[in-house]
Amino acid sequence: MKPSAPGRPWGLAQVLFLLLAALHTAAAQKNGINIYSLSVDSKVSSRFAHTVVTSRVVNRASVMQEATFQVELPKRAFITNFSMVIGGVTYPGNIKEKAAAQEQYSAAVARGESAGLVKASGRKTEQFQVSVSVAPAAKVTFELVYEELLKRYLGAYELLLKVQPQQLVKHLQMDIHIFEPQGISFLETESTFMTNELADALTVSQNKTKAHIQFKPTLSQQMSPGQQDTVLDGNFIVRYDVHRTVSGGSIQIESGYFVHYFAPEGLPTIPKNVIFVIDKSGSMRGRKIEQTQEALIKILDDLSPNDQFNLVSFSGEAAQWKPLLVPASAENVNQARSYADSIQTQGGTNINDAMLLAVQLLDSANQKELLPEGSVSLIILLTDGDPTMGETNPARIQKNVKEAIDGQYSLFCLGFGFDVSLAFLEKLALDNGGLTRRIYEDSDSTLQLQDFYQEVANPLLTAVTFEYPSNAVEEVSRDNFRLLFKGSEIVVAGKLRDQSPDVLSAKVRGQLGRSDLSSGSVPAMLALEGPSLPLPGLGPSFQHMQNITFQTESRVAEQENEFQNPKYIFHSFMERLWAYLTIQQLLEQMISASDAEKQALETRALSLSLHYSFVTPLTSMVVTKPEGKEWSEVAEKPVETKNKHKNFYLGGPLSRFRTAGDRRSRITAGPSGKTPSDLGRARPQGPLSPPHPHPLMAGKSLLPDMLLESAKTASPPGQLPASLRPGALLVLVSQPALPTLGTTAAVPAAIQAPAVILMLPRQSVARLCVDIKHSQGPMNLLSDPDQGIEVTAQYETEKARFSWIEVTFKNPQLQVRAIPEHVVVTRNRRNFAYKWKETLFSVIPGVKLTMDKAGLLLFSSPDRVTIGLLPWDGPGEGLRLLLRDTHRFSSRVGGTLGQFYQDVLWGPPAAADDSKRMLRVQGLEYSATRLLKLDYQEGSPGTEISCWSVEL
């Protein structure tokens, strides 16, 4: 399985990436380009992130070499500045209108140079790259600046950093400063490369409103054990949220601009009516429809009893599951699960008829007044291709759907893979008050679908509008929104007038479902108004909404003083936040605007982009390199394409990018091994150092002979085959380390690892091996209410292994589900998938999660039992459970395994056979036999032990 991207819609994440070296250490030394200083400085001021990436390199070779600066940044981020300092001379990037930069771009392409500097590189990132020749002993400083407004997703903001230098860096430092005037409610970190030793280089300090995360490893900490290369290879993530009031609003003011954040707490969920429209055309055959079915079954289970739903499946024709929407009762959900599981793929793609059928189902229910009072209606479309049957003209389909919906319902589109036009789906959704997401074809596609549903599963308000005194503000960004969902946030920004009042007040009006009012859960301090007036174009279910008003005010002088600490704040950030937000909204409005409206929107977005020096889809950055006055390169904002293998509009081979979702994409500052005459030409990827083999495998290839033979014959001299170049799925960057072998003799093949090994402190028998011979359905392995821990599992007796193990923590609320393919961590309704043997180091308030290269996943805290999960691949392979610090179990521990941590009474060995004895626990007797078993707790191949064993 390929690892998922944390997130997801994680395009909502702020992604900061450390600069990387393109080659391994040996190659870097050979080519002479050395990174002697590397820093990332990110200041997050009230959700707005300003990031500066600085790399300093020196050419230690005796000849001129090429240095490449490569940074990956979020797709939602705007580059604002780039410069190179060479020999004391600064070469800046200049941002121009695209049309003005086109002449320089075309001239560079005509010379055979790679003129495009920015390209897509993954699910959520774009790659900036520039190369320059460096004289012997000369130094170059690269600096890139980009900015982004963090979006709240399922109750958290996220910063994600990629750390993959691939060479030791003398001065390597990352600093993240977070300042949130509302107060930081929680902050957690996660890393896929951190070890306990490397964790000493990480410091986290936090008070009520500020946090500072610093990562500053020494050379020795960066060094892998026994080797001269670096252990830094993976992601570093920071997640946090802020405190919120019942009024739901926070107005913050700086340098004459304001931003209004709105995410009220304590509101009940509005009942929803959902139509799931599922593509079952022939192209969905195989894993795609299987993952869709898995996700749909899980989503159906998550429906609230107050919801209503129906299913529409389509290929060449569309068909509904039921003639009407039905309540999400247990019986109806079970029937829908069976229907979803029976969907067969065949035929073409008739999106038009499917969408019109979905609208007709909602229209019919509305007209018959069958929908719950005060509910909202959603249509969720999943398709993997462009329309091929029925109406196939995208513009006419968009027109038909918009006219049919007529503003009554919200449409959300999911494009599965790259054979569907995302631009077509984006306009379809934006025309109808929704949004679009791409679902990447990967092993975590099911989780991507589930996570998207969680975003829209809990509507809180409809028809949300923001009102400010006209004498106080001007140039306000978008101020009306169709829906607000739980875990999200609405952001409005604007400019204060010169003679604005000392206090800025605001009203946010919205509508709750009337059925919510009887519960008494609406905060008392909010203003509930009388019955709402009939809303034009909305069906009966919307006519029973209750108006609600939130009032917020902010004292201008006090707010201005909040943002005076220069360590945490960069100058005039709120003005830039306003410009960023306005440009993003203008670009979004252009998608669904008429031709006449589009020109005015584009003119304003272009003007703001140039004024604030943002590289947007309307502007380009021209980078002049020192080789000559006419040698320039152009950086442009990439746009989504239909086919992931198609080059973006960048010119030259550098625009080819890696498979979507690939975590091997990286930021580079290192040598390419080229002479100046090679600059601007097609550059193959640099070679990769082979993995370091385990001592027991010295002299043996880690790749199959057939693959190596193919590599020898299928590639030009001096190049790796495409399948073995960086980013390809077959690249082995490191061989998982084998554990140290014990002193025992070779283990006979007949000896198996038990299902579970229990360490029993303070008992006459310190270790008990448990084999499970009889299992029906899920098992409660252990439960301790005082520890707030529960472990359940499904054991397959035919295969003698666990098919899944699930660990649940009550505080913090955390669920971990392990299956043989991967492990999924669920927190705040959000799923994170990790591949086994992919290192992980996550610190959440109350628990620490770690996973090493052997795949041992541990959950630990100072006062809790340590729980471990392991993908054992030795004899008796399968998932294994480990328990450490078991003396911390309370007296209330129970369950199939937990019972053995109560008082256990051991009988004496049998007189006729001292390898057998009885034990009694909680009134039950078990026969125990001393057997040879494999201890799996340190990983494969395991060590032979003698263990008292019982069968359950």
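Residues numbered from 1 in each chain as written. Predicted model: local features only at pLDDT ≥ 70, side-chain atom pairs only at ≥ 80, totals over all residues. Heavy atoms only, no water.

Q: Would you explain the overall build of the protein chain in this entry?
A: A count of helical and extended segments in the protein chain gives 13 helices and 51 strands. For the protein chain, the proportion of its 952 residues judged to be buried stands at 57%. Once local pairs closer than 6 in sequence are excluded, the contacts in the protein chain between residues at least 24 apart make up 71%. Summed over its atoms, the accessible surface of the protein chain is roughly 38,200 Å², and 51% of this surface lies on carbon and sulfur atoms. (Helix = DSSP H or I, 4+ residues; strand = E, 2+ residues; numbered from the N terminus. Buried < 20%, exposed > 50% of the residue type's maximum accessible area, 1.4 Å probe, protein only. Contact = heavy atoms within 4.5 Å. Areas by Shrake-Rupley, 256 points an atom, 1.4 Å probe, with all protein chains shown as cover.)

Q: Explanation requested: helix α8 (residues 422–430) in the structure shown.
A: For an α-helix the count is 3.6 residues per turn, leaving residues at separations of three or four pointing the same way. Turning to α8, its buried residues are Leu422, Phe424, Leu425, Leu428 and Ala429. Seen along its axis, α8 keeps its buried residues to an arc of 155°; they face one direction. (Arc of directions from axis to C-beta.)

Q: Please explain the sheet that holds strand β17 (residues 257–262) as it appears in this structure.
A: Backbone hydrogen bonds hold the strands of a sheet together, and the pairing may be parallel or antiparallel. The four strands lie next to each other as β16-β17-β28-β26, forming an open sheet whose pairing is antiparallel. Either end of the sheet is taken by a strand with one partner, and the two such strands are β16 (249–254) and β26 (473–474). Relative to β17, β16 runs antiparallel, the two being bridged by six bridges. Among the inter-strand pairings, glutamate 254 is bridged to a residue of β17, identified as tyrosine 257. (Pairing = 2+ DSSP bridges.)

Q: Please clarify how the confidence of the model for the protein chain should be interpreted in this entry.
A: Caution applies to low-pLDDT parts of the model: their predicted coordinates are not meant to be read in detail. Of all residues in the protein chain, 79% attain a pLDDT of 70 or more, and the chain-wide mean is 80. Confidence drops under a pLDDT of 50 for residues 531–543, and excluding neighbours within four residues, the segment shows 30 contacts in the predicted structure. (pLDDT = per-residue confidence, 0-100.)

Q: Explain empty space enclosed by the protein to me, please; I cannot follow it from the model alone.
A: Over the atoms rolls a probe the size of a water molecule, and in doing so it shows where empty space is left. Going through the model one piece at a time under the given rule, you end up with seven cavities of 30 Å³ or more. By volume, the second largest cavity is sized at about 120 Å³. Taken together, 14 residues line the second largest cavity, and the ones lying closest to its centre are Phe276, Ile278, Ile299, Leu414 and Leu449. Those elements that provide at least two residues to the lining of the second largest cavity are β18 (272–279), α4 (287–302), β22 (376–383) and α9 (445–456). Its residues placed into classes, the lining of the second largest cavity shows 13 nonpolar, one polar and no charged. (1 Å grid on protein atoms, 1.4 Å probe; cavity = no way out; pocket = protein on both sides within 12 Å on 5 of 7 lines; lining within 4 Å. Points joined across faces, edges and corners; volume = space filled by probe spheres on them. Nonpolar A, V, L, I, M, F, W, Y, C, P; charged D, E, K, R; others polar.)

Q: Is there a simple way to explain the environment of tyrosine 612 in this structure?
A: Here tyrosine 612 shows up in the loop between α12 (595–611) and β32 (619–624). When the C-alpha positions of tyrosine 612 and alanine 579 are compared, they lie 7.4 Å apart, and in sequence the two are 33 residues distant. In this view, tyrosine 612 contacts Tyr257, Glu575, Arg576, Trp578 and Ala579; residues no more than four positions away in its chain are not counted.

Q: What's the story with the packing of helix α6 (residues 351–367) against helix α7 (residues 394–405) in this structure? I'm lost.
A: A pair of packed helices can be characterised by two numbers: the angle between their axes and the separation between those axes. Contact geometry of α6 with α7 gives a least axis separation of 10 Å together with a crossing angle of 0°. When the axes of α6 and α7 are compared, the pair comes out roughly parallel. Counted together, Ile351, Asn352, Met355, Leu356, Val359 and Asp363 of α6 and Ile397, Asn400, Val401, Ala404 and Ile405 of α7 form the full contact between these two elements. Here the residues of the contact of α6 with α7 are counted per class, giving eight nonpolar, two polar and one charged. (Axes fitted to C-alpha atoms, helices over the stretch in contact; angles between N-to-C directions. Parallel < 35°, antiparallel > 145°, perpendicular 65-115°, else oblique.)

Q: Help me understand the pairing of strand β40 (residues 814–818) in this model?
A: Moving residue by residue along a regular strand, the side chains alternate between the two faces of the sheet. Judged by which residues are buried, β40 turns out to be one-sided: Leu814, Val816 and Ala818 face inward and are buried, whereas Gln815 and Arg817, on the alternate face, are not. Looking at chain direction, strand β39 (residues 801–809) and β40 are connected through five bridges and run antiparallel. Note that in β40 the partner of glutamate 806 across the bridge is arginine 817. Linking β39 back to β40 in an antiparallel pair, the connection comprises four residues. If you look at the hairpin formed by β40 and strand β41 (residues 822–827), you'll find three residues sitting between the two strands.

Q: Where do I start with the state of the cysteines in this structure?
A: Between two cysteines, a covalent bond joining their sulfur atoms is known as a disulfide. Counted according to the given criterion, the structure contains one disulfide. Here cysteine 769 engages in a disulfide with cysteine 947; their sulfurs sit 2.1 Å apart. The chirality of the disulfide connecting cysteine 769 with cysteine 947 is right-handed, given an S-S dihedral of about 115°. With a gap of 178 residues between them, cysteine 769 in strand β36 (residues 767–771) and cysteine 947 in strand β51 (residues 943–951) connect regions that are remote in the sequence. (Disulfide = S-S within 2.5 Å.)

Q: Teacher, can you tell me more about the pattern of salt bridges here?
A: Pairs can form between side chains of opposite charge whenever their charged atoms are close. Scanning the entire structure with this criterion turns up 34 salt bridges. The partner of arginine 396 in a salt bridge is glutamate 391, with the nearest N and O atoms 3.2 Å apart. When its relative accessible area of 46% is taken as the criterion, arginine 396 is described as partly exposed. Sharing partners across several salt bridges, the network here consists of Arg47, Arg152, Glu180, Asp241, Arg244 and Glu489. (Salt bridge = Lys/Arg side-chain N within 4 Å of Asp/Glu carboxyl O.)

Q: How do you make sense of the environment of leucine 202 when you look at a structure like this?
A: With respect to the helices and strands, the residue leucine 202 is situated in strand β13 (residues 202–206). Looking at leucine 202, the relative accessible area reads 16%, which means it is buried. Between the alpha carbons of leucine 202 and phenylalanine 215 there is a distance of 4.6 Å; along the sequence they are 13 residues apart. Leave out the neighbours within four places in its chain, and leucine 202 touches Thr189, Met194, Ile213, Gln214, Phe215 and Phe236.

Q: Explain the side chain of serine 315 to me, please; I cannot follow it from the model alone.
A: Relative to the assigned elements, serine 315 resides in the loop between β19 (308–314) and β20 (318–320). Each residue touching serine 315, except ones within four places of it in the same chain, is listed here: Lys280, Ser281, Gln346, Gly347, Gly348, Thr349 and Asn350.

Q: Where do I start with the nonpolar core in this structure?
A: In globular proteins that are soluble, nonpolar side chains generally tend to be buried together. One finds Leu758, Phe802, Leu869, Phe900 and Leu919 to be the most contacted residues of the largest nonpolar core, which totals 67 residues. Filtering out sequence-adjacent residues up to four positions away, leucine 758 remains in contact with Ala766, Arg767, Leu768, Val770, Leu883, Leu897, Phe900 and Tyr901. Of all hydrophobic cores here, the second largest spans 59 residues; its members include Ile35, Ala67, Val118 and Phe236. (Core = buried A, V, L, I, M, F, W, Y, C linked by side-chain atoms within 4.5 Å.)

Q: In this structure, what is going on with α9? I would like to understand it.
A: Helix length check: α9 (twelve residues) gives 18 Å between terminal C-alpha atoms against 16 Å at 1.5 Å per residue, within 8%. Those residues of α9 that sit buried are Ser445, Thr446, Leu447, Gln448, Leu449, Gln450, Asp451, Phe452, Tyr453, Gln454, Glu455 and Val456. (Expected span 1.5 Å × (residues − 1).)

Q: Explanation requested: the packing of aromatic side chains in the structure shown.
A: Think of a pair of aromatic rings as described by two things: how far the centres are apart, and how the planes are tilted against each other in angle. Counted according to the given criterion, the structure contains 29 aromatic pairs. With a centroid separation of 6.4 Å and 55° between ring planes, the pair formed by tryptophan 906 and tryptophan 948 is classed as tilted. Of this pair, tryptophan 906 sits in strand β48 (residues 904–906) while tryptophan 948 is found in strand β51, placing the two residues 42 residues apart along the sequence. Grouping residues by exposure puts tryptophan 906 and tryptophan 948 together as buried. Three or more aromatic residues joined by ring pairs form one cluster here, namely Phe48, Phe78, Tyr580 and Phe614. Residue placement shows arginine 47 over the ring face of tyrosine 261; its charged tip is 3.7 Å from the ring centre. (Phe/Tyr/Trp six-rings, centres within 6.5 Å; stacked < 30°, edge-to-face > 60°. Lys NZ or Arg CZ within 6 Å of the ring centre and 35° of its normal.)

Q: Is there a simple way to think about the packing of α7 against α8 in this case?
A: Between α7 and α8, whose axes approach to 10 Å, the crossing angle comes to 20°. Overall, the two elements α7 and α8 adopt an arrangement that is roughly parallel. Read as a crossing pair, α7 and α8 show a hand that is right-handed. Residues Pro394, Ile397, Gln398 and Val401 of α7 touch α8, and the partners they reach there are Ala423, Phe424, Lys427 and Leu428. Partitioned by chemical class, the residues of the contact of α7 with α8 number six nonpolar, one polar and one charged. (Left-handed = near helix turned anticlockwise from the far one by under 90°.)

Q: Before we go on, may I ask you to explain the environment of leucine 428 in this structure?
A: For leucine 428, the location among the structural elements is in helix α8. On a C-alpha basis, the gap between leucine 428 and serine 592 in space is 8.2 Å, while along the polypeptide they are 164 residues apart.

Q: What am I meant to see in unusual backbone geometry here?
A: Among all residues save glycine, negative phi is the norm, and among peptide bonds the norm is trans. Here the residue pair asparagine 811 and proline 812 is connected by a cis peptide bond, since its omega of 0° sits within 30 degrees of zero. Within the fold, proline 812 resides in the loop between β39 and β40. Positive phi, close to 65°, is recorded for arginine 829, a residue that is not glycine. Residue arginine 829 is classed as partly exposed on the basis of its relative accessible area of 24%.

Q: How should I be thinking about the side chain of glutamine 222 in this particular structure?
A: Locating glutamine 222 in the fold gives a position in helix α3 (residues 219–222). A relative accessible area of 0% places glutamine 222 in the buried class.

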